[in-house]
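Remarks on the overall topology
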Amino acid sequence: LPGPSLIGRMVDPRAMSRWMGLWGAYMPVGFALALAAMPWLLAAWGWRGSWVAVGLACLACAGWILLRVPPDGGRSSPASALGPLIRQTIRRPGPWLLSLCFGFYAGQFIAIFSFLPTIYEESGMDPGLVGVLTAVAVAVNALGNIAAGRLLHGGASPPALIATATLVMIACEWLAFGSGLAFTGRYVSVVMLSLVAGVIPGTLFACMPRYAPRPEAVTTTVGLVQQGAGMGQVLLPPLVAW
């Protein structure tokens with residue numbers, strides 16, 4: 001949650017959209033790494049050892065941030081200032097709309113990749129390839145995040161980017177799950193969906209600083225939007241399944 005605020009301190013404001021697009025790629029990159037690496041880690045260390053390894057990796061990242069990110073120079077807000085920041089954030093419509101948009105995106109994305117194994121099963125796919133194919137399909141989502149940052153930096157309209165990506169998602173969802181294409185066509189549709197869909201979180205992350213009520217409220221705005229993403233991931237896949 002503090003990531004966007006810390007990035008804002010360290011980069012030129014004119015380049016903020018590009019960096020936020022890059023930041024938004026953390027989820028698909030982590031998702032793809034997990035899909036690719038966990039079968040081997042589980043076989044070697046079991047689930048407990050794998051969780052410990054991931055925890056140690058997080059600890060190493062925290063240490064690196066502590067060493068490389070400059071201190072805030074006393075600018076951090078005391079805990080007593082958190083309440084006003086939260087109130088200012090939830091009183092603005094912008095953060096709520098970003099949260100709603102992220103919820104619909106995240107819920108769709110998780111639902112699609114939850115049902116992707118049905119495509120593999122119907123095609124008689126070798127189980128050894130399933131993790132790799134899924135990791136590739138998820139990983140390209142990061143390219144969409146990065147592209148969103150560059151497009152916004154070049155002056156693209158956030159609503160136009162989100163609307164275009166949503167329409168492409170609809171078309172690709174139908175091709176993957178409703179068209180009756182052969183496996184290759186269905187899998188390519190999922191990859192294209194993931195690639196273009198990455199524009200949505202990249203755009204939303206880049207918009208958060210400008211929709212926050214003030215610079216200090218970027219973290220509370222990110223928190224609200226992440227709650228929307230979490231609710232979408234919890235509620236939409238069961239609805240799709242039903």
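Heads up: these notes are all about the structure in this document. Everything numeric here is computed off the predicted structure, so don't read it as measured data. (Residues numbered from 1 in each chain as written. Predicted model: local features only at pLDDT ≥ 70, side-chain atom pairs only at ≥ 80, totals over all residues. Heavy atoms only, no water.)

1. Description of the packing of helix α5 (residues 93-122) against helix α8 (residues 183-197)
- For the pair α5 and α8, interaxial distance at closest approach is 11 Å and the crossing angle is 165°. With respect to α8, the axis of α5 lies roughly antiparallel. When you trace α5 past α8, the crossing you get is left-handed. Contacts between α5 and α8 pair Y105, F109, I112, F113, L116, I119, Y120 and E122 from the former with F183, R186, Y187, V190, L193, S194 and A197 from the latter.
- Looking at the contact of α5 with α8, its residues break down into twelve nonpolar, one polar and two charged. (Axes fitted to C-alpha atoms, helices over the stretch in contact; angles between N-to-C directions. Helix = DSSP H or I, 4+ residues; strand = E, 2+ residues; numbered from the N terminus. Parallel < 35°, antiparallel > 145°, perpendicular 65-115°, else oblique. Left-handed = near helix turned anticlockwise from the far one by under 90°. Contact = heavy atoms within 4.5 Å. Nonpolar A, V, L, I, M, F, W, Y, C, P; charged D, E, K, R; others polar.)

2. Topic: the nonpolar core
- F102, Y105 and F113 are the most contacted members of the largest nonpolar core, which totals 46 residues.
- Mapped by element, the contributors of at least two residues to this core are α2 (16-23), α5, α6 (127-153), α7 (158-177), α8, α9 (199-211) and α10 (218-241).
- For this core, the leading source of residues is α5, giving ten residues.
- Residues contacting F102, with those up to four places away along its chain left out, are P201, L204, F205, M208, V225 and A229. (Core = buried A, V, L, I, M, F, W, Y, C linked by side-chain atoms within 4.5 Å. Buried < 20%, exposed > 50% of the residue type's maximum accessible area, 1.4 Å probe, protein only.)

3. A few points about α2
- Inspection of α2 places M16, S17, M20 and G21 among the buried residues, and these make up the whole buried set. Buried residues of α2, viewed axially, fall in a sector of 135°; they line one side. (Arc of directions from axis to C-beta.)

4. Brief notes about the side chain of T134
- Relative to the helices and strands, T134 is located in helix α6.
- Once residues within four sequence positions are removed from consideration, T134 is found in contact with L35, F113, L116 and Y120.

5. Focus: the layout of surface pockets
- By volume, the largest pocket amounts to about 730 Å³.
- As for the largest pocket, its lining consists of 16 residues, of which I7, W23, W64, I65 and V69 are closest to the centre.
- The set of elements that each furnish at least two residues to the lining of the largest pocket consists of α1 (3-10), α2 and α3 (26-68).
- With five residues, the single largest contributor to the lining of the largest pocket is α3.
- Looking at the lining of the largest pocket, its residues break down into 14 nonpolar, one polar and one charged. (1 Å grid on protein atoms, 1.4 Å probe; cavity = no way out; pocket = protein on both sides within 12 Å on 5 of 7 lines; lining within 4 Å. Points joined across faces, edges and corners; volume = space filled by probe spheres on them.)

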